[in-house]
Amino acid sequence: MCTATPPGRSRHSACGCPMSDSPLVLVDGSSYLFRAFHALPPLTTSGGQPTGAIHGVINMLKNLRERYQPEQFVVVFDAPGKTFRDDLYVEYKANRPPMPDELRSQIEPLHALIRAQGLPLIAITGVEADDVIGTMAREASEAGKTVVISTGDKDLAQLVNDKVSLINTMTDTVMDTDGVVAKFGVPPERIIDYLALVGDKVDNIPGVPGCGPKTAVKWLTEYGNLDAVIAASGDVKGKIGERLRDALDTLPLSRELATIKLDVEHGLTEDELSPNAPDVEALRELYTELEMKTALKNLGGAQDVGEQAASGSGSIVADTADSPVATRYSVITTAADLAAWVKKLKMVPVFAFDTETTSLDYMAAELVGVSVAVAPGLAAYIPVAHRYEGAPAQLERDTVLDALRPLLEDPARCIVGQNLKYDISVLARHGLDVRSRLHDTMLQSYVLDAAGSRHDMDTLASKHLGHTCVKFEDIAGKGKSQLTFDQIELEPAAHYAAEDADITLRLHQALWPQLEAEPALKAIYERIELPLVPVLSKVERNGVQLDSDMLGEQSAELERAMADAEQKAHDAAGKVFNLSSPKQIQQIFFEEQGMPVIRKTPKGQPSTAEDVLEQLADDYDLPRLILEHRSLSKLKSTYTDKLPLQVSEATGRVHTSYHQAVAATGRLSSTDPNLQNIPVRTPEGRRIREAFVPAEGNCLLAADYSQIELRIMAHLSEDAGLLNAFANKLDVHRATASEVFDTPLEDVSSDQRRSAKAVNFGLIYGMSAFGLARQLGIGRGEAQETIDRYFDRYPGVKRYMDETRAQAHDVGYVQTVFGRRLYLHEIHSRNAQMRAYAERTAINAPMQGTAADIIKKAMIDVQAWLDRGDVDARMIMQVHDELVFDVAASDVERLSAEVSDRMARVAELSVPLEVDTGVGHSWEQAH
């Protein structure tokens, strides 16, 4: 008689006995193999046999079996050789590179391992693994069985029905019928049509060129199926309609290639779908040969390969009680200790988290380990990929990430990190999407006082905790011989990594109460800076495409222009000289040609700095030619030569790094490459933007705030004249010229408008009468009169400036419209120049800072809309007051309207925000 129901079982209604509802699990072994190979480090045995993919696949199979505990479990691989699809289309998969030798050599031992574990394995010549899986799924579902297909292949979504679902073990996501619709926009029965339209560059399925997922969904939603789309092709307008009609002859072929075969003769009986008992001796031999120490130990053979190192599972790598905070740092290398630490993490309201990797480049970095801290001094390091000779056994990367995934992907949980954007990007490339609530100590420090200090961990630890951190150079060395983190021995690496997490948690406990005490700053942190972190991570990973050939041509042109400028400079000097030598330039300028000395260096020599050359260039050709040569040289070395070298091999795109905690005003900056400083005032500089191009079939759309800082000035100053100009959509520079020069609006000359524009922008940046005189080429007295007339016509601006200076002197800071504080540490300096600079900053910072807040809020809002998937578009750049998008041609109008509206509504000022948009096949065209 049955007295209990085991887990995973239900009862027969007639007798009450257990009835199996365990699914048939079909594993796409080829998908596992490739994903493990590319996701995991290139591990090898001491004899040079690659094993990284083997480790990954075996671990994923283990996790899958533990999750479903299936009675029937089959692993399906592609068989070597051609398939029937190659006969249909000779170019099928022609774009795929040959399998790397280091992957090919792992297939045979992997198959042997799977069979030794007692798991059914099948590979059938002439068809693909997808076809075998499709056939077996159809047979089982028609017999009333539940089927789970474990794969990362989107093509298999066509098999999903009420009995068949997909699981992606890399992302731990399960996809049923509703999930297919949510991911692709069409139900499973339309996936074949969808794939036929979109095509597949990897498999070389033609599809419709330029037809992206959004367009395919749009057509299938409107017309119903592929045959109806073909029938209605004459009604589809625009370039995409032409491409659809051009593809009519190949669409049936695309559909056939995308269709999974459901009648493969696989020969497996019902009994052969179930695993057998493992062959222990075969496993022992294979584990020993492949040096799989942990697996061998679990099999009872650890003594054959040596015990774990002293710094192994759960050992203490730091245990001190003589510091202000006693530390207990552990290194975790067993599943039991990992489970214990995960339990600790679940018990605390917030824990610190940090990654250790092989590179600072988030697009190339491989995860070496993660560290966590649950209380001051209580932290652990979990290594996954230390690869030095003699390194102890470590947990598999997937095992660790899968254990942490429920915490890091849970919006109800909270983690704290130092520069979490980097960690988010690295984890995203390893298949983990951080969705927990965030705290970031770098941003906490930055919001509290952007200009008070640097915001790196070492500086903050010293400033707020009185603690000196172990430096990376202390454990890795310096210069060319510096080790990457995976090469560092586990004990010093673990201490360094655990300290990172520990100090991060302690900094959070020191900084967060300070923010909570300042509601306005807390709001800046919680509503602007933190939500921007995942947005910037996504924008960075999206990257932007470059036309490297065009940049190569520009480099050659710049080389010729530099040679021409150099020759002209030699002619003007009457001799050959080094244009980069200050000493030679001094001799020619001041001794041979008698140019006036504008300024001297601290050593008493005549200065040849750039601003000096600019002043001399007003009257002499030679300084102008030297400046021209320097400008061309900088463009060539910084952009046209360097940008192609920064293209990612993995994506074919350039991925900059945006920095939130650098500019005191709140502005973002970027490096590698610096997109903010690409010149726009010279034809040569603007041409560089021509090399920034969209993905094939797409366009670039640029959305730029119009005169945003002047609008903020109008809002802050409440000056009636400026408010009226913007409210009535006047040309504000022409309106200013009309006021300042007492000229009817329609009679304002171009020179007057140019002068007014210089005053409008100059005053924002604290320009003096001397600076305005130089810019306009007028006398200093005339420039001062122009400024005086401006203030007479715009008294609100004068009042704002005077009051802002006074506030800065009184409280030491100014504020943006949203409450961001901009501290002015030199406002009371005894040095008159430094004090004057602080006063000019006080005028400008609220406008720059408010503009920075507005563009950040816009990025957050726009990205949230993009995440809904209504358009086929990606945000790829933020530069000053501009956002740039890579968008399918069919979605340009929708994107332009939506982005313009959202950017304009993201803040309410006394004057309307206006957004200019442009579209083109390069950034220059769009801008």
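Our structure's up above, just so we're on the same page.
One structure accompanies this document, and this report is about it. Everything numeric in this text was worked out from a predicted model, so none of it was measured.

About the cut-offs
Residues numbered from 1 in each chain as written. Predicted model: local features only at pLDDT ≥ 70, side-chain atom pairs only at ≥ 80, totals over all residues. Heavy atoms only, no water. Pairing = 2+ DSSP bridges. Helix = DSSP H or I, 4+ residues; strand = E, 2+ residues; numbered from the N terminus. Axes fitted to C-alpha atoms, helices over the stretch in contact; angles between N-to-C directions. Contact = heavy atoms within 4.5 Å. 1 Å grid on protein atoms, 1.4 Å probe; cavity = no way out; pocket = protein on both sides within 12 Å on 5 of 7 lines; lining within 4 Å. Points joined across faces, edges and corners; volume = space filled by probe spheres on them. Nonpolar A, V, L, I, M, F, W, Y, C, P; charged D, E, K, R; others polar. Core = buried A, V, L, I, M, F, W, Y, C linked by side-chain atoms within 4.5 Å. Buried < 20%, exposed > 50% of the residue type's maximum accessible area, 1.4 Å probe, protein only. Patch = residues over 30% accessible without salt bridge, like charges linked within 9 Å, V, L, I, M, F, W, Y side chains within 5 Å. Areas by Shrake-Rupley, 256 points an atom, 1.4 Å probe, with all protein chains shown as cover. Salt bridge = Lys/Arg side-chain N within 4 Å of Asp/Glu carboxyl O. Lys, Arg positive; Asp, Glu negative; His and termini not counted. Charge placed at Lys NZ, Arg CZ, Asp CG, Glu CD. Right-handed = clockwise from strand over helix to strand, strands pointing away. Arc of directions from axis to C-beta. Disulfide = S-S within 2.5 Å.

On to the sheet that holds strand β24 (residues 873-879). Spatially, β24-β25-β21-β26 is the arrangement adopted by the four strands of the open sheet, whose pairing is antiparallel. The outermost strands of the open sheet, each flanked by one partner alone, are β24 and β26 (915-920). Recorded for the sheet is a direction-independent mean angle of 20 degrees between the axes of neighbouring strands. Note: β24 against strand β25 (residues 882-888), six bridges, orientation antiparallel. Within β25, the position partnered with Val879 by the bridge is Glu882. Across the sheet, helix α35 (residues 892-905) lies against β21 (698-705), β24, β25 and β26, angled at about 20 degrees from β21, the strand it touches most.

Before going further, it helps to examine empty space enclosed by the protein. Scanning the model with the defined rule gives two cavities of 30 Å³ or more in all. Its volume calculated, the largest cavity comes out at about 40 Å³. In terms of lining, the largest cavity is formed by Val539, Glu540, Gly543, Val544, Val654, His655, Thr656, Leu675, Ile876 and Met877. Secondary-structure elements contributing two or more residues to the lining of the largest cavity are α21 (519-542) and β24. Looking at the lining of the largest cavity residue by residue, the classes come out as six nonpolar, three polar and one charged.

So, about the sheet that holds strand β3 (residues 24-28). In spatial order, the strands read β5-β4-β3-β6-β7-β8; together these six strands make up an open sheet with mixed pairing. Among the strands making up the open sheet, the edge pair consists of β5 (121-122) and β8 (173-175). Two strands pair when backbone bridges link them, and β3 and strand β4 (residues 72-76) are joined in this way by five bridges, in the parallel orientation. By the bridge assignment for β4, Leu26 is matched with Val74. Lying over the sheet, helix α5 (residues 129-142) contacts β3, β4, β5, β6 (147-150) and β7 (164-168), oriented at roughly 170 degrees with respect to β3.

What follows is about the nonpolar core. Counting residues in hydrophobic clusters, the biggest one holds 87 residues, and the most contacted among them are Phe692, Tyr705, Met877, Leu895 and Met903. It is helix α34 (residues 832-866) that provides the largest number of residues to this core, a total of 11 residues. Residues within four places of Leu895 in sequence aside, it is in contact with Leu701, Trp865, Leu866, Val871, Ala873, Phe885 and Val887.

On to the side chain of Glu709. In this fold, Glu709 is placed in helix α27 (residues 708-717). What makes Glu709 buried here is its relative accessible area of 7%. With near-sequence residues (within four places) excluded, Glu709 lies in contact with Arg667, Ile764, Tyr765, Asn844, Met847, Gln848 and Ala851.

This paragraph deals with the pairing of β21. With seven of its eight residues buried, β21 lies for the most part within the structure. Two elements, β21 and β25, share seven bridges in a ladder whose sense is antiparallel. Across the sheet, the residue bridging to Ala703 is Leu883, located in β25. Here β21 pairs with β26 via six bridges, running antiparallel. Note that in β26 the partner of Tyr705 across the bridge is Val915.

All right, on to the environment of Gly207 then. One can find Gly207 in the loop between α7 (191-198) and α8 (213-223). If near-sequence neighbours (up to four positions away) are discounted, Gly207 is found in contact with Ala196, Leu197, Val198, Gly199, Ala247, Thr250 and Ser254.

Glancing now at unusual backbone geometry. A cis amide bond, omega 0 degrees, links Asp672 with the succeeding residue Pro673. Within the secondary structure layout, Pro673 lies in the loop between β19 (669-671) and α26 (683-689). Here Glu291, not a glycine, exhibits a phi torsion of approximately 55 degrees, which is positive. As for its position among the elements, Glu291 is in the loop between α12 (280-289) and α13 (293-299). With a relative accessible area of 32%, Glu291 lands in the partly exposed category. Positioned with a positive phi, Lys729 is a non-glycine residue whose angle comes to about 55 degrees. The topology assignment puts Lys729 in the loop between α28 (720-727) and α29 (732-740). The class for Lys729 is exposed, based on a relative accessible area of 61%.

The next point concerns a negative patch on the surface. A cluster of acidic residues, Glu610, Glu614, Asp618 and Asp619, forms a negative patch on the protein surface. Classification of Asp619 by relative accessible area gives exposed; the value is 63%.

Of the two faces of strand β14 (residues 414-417), the one holding Cys414 and Val416 and the one holding Ile415 and Gly417 are both buried throughout. Summarising the sheet, strand β11 (residues 351-357) and β14 pair through two bridges and their orientation is parallel. The partner of Phe351 across the bridge, within β14, is Ile415. Crossover connection from β14 via helix α16 (residues 420-429) to parallel strand β15 (residues 437-440): handedness right-handed.

Below, the discussion takes up helix α10 (residues 238-246). Where α10 is concerned, the buried positions are Ile240, Gly241 and Leu244. The buried residues of α10 all sit within an arc of 105 degrees when viewed along its axis, so they share a single face. Counted as exposed and oriented over 90 degrees from the buried face of α10: Lys239 and Asp246.

Quick look at the environment of Leu722 now. As for its position among the elements, Leu722 is in helix α28. Non-local contacts of Leu722, meaning those with residues more than four positions away in its chain, are made with Met713, Ala714, Ser717, Val732, Tyr790, Tyr794 and Val797.

The next thing to look at is the state of the cysteines. Across all of its chains, the model carries zero disulfides by this definition. Cys211 takes part in no disulfide bond, and the closest cysteine sulfur to it belongs to Cys699, at a distance of 15 Å.

Worth remembering: the numbers are spatial, not functional.
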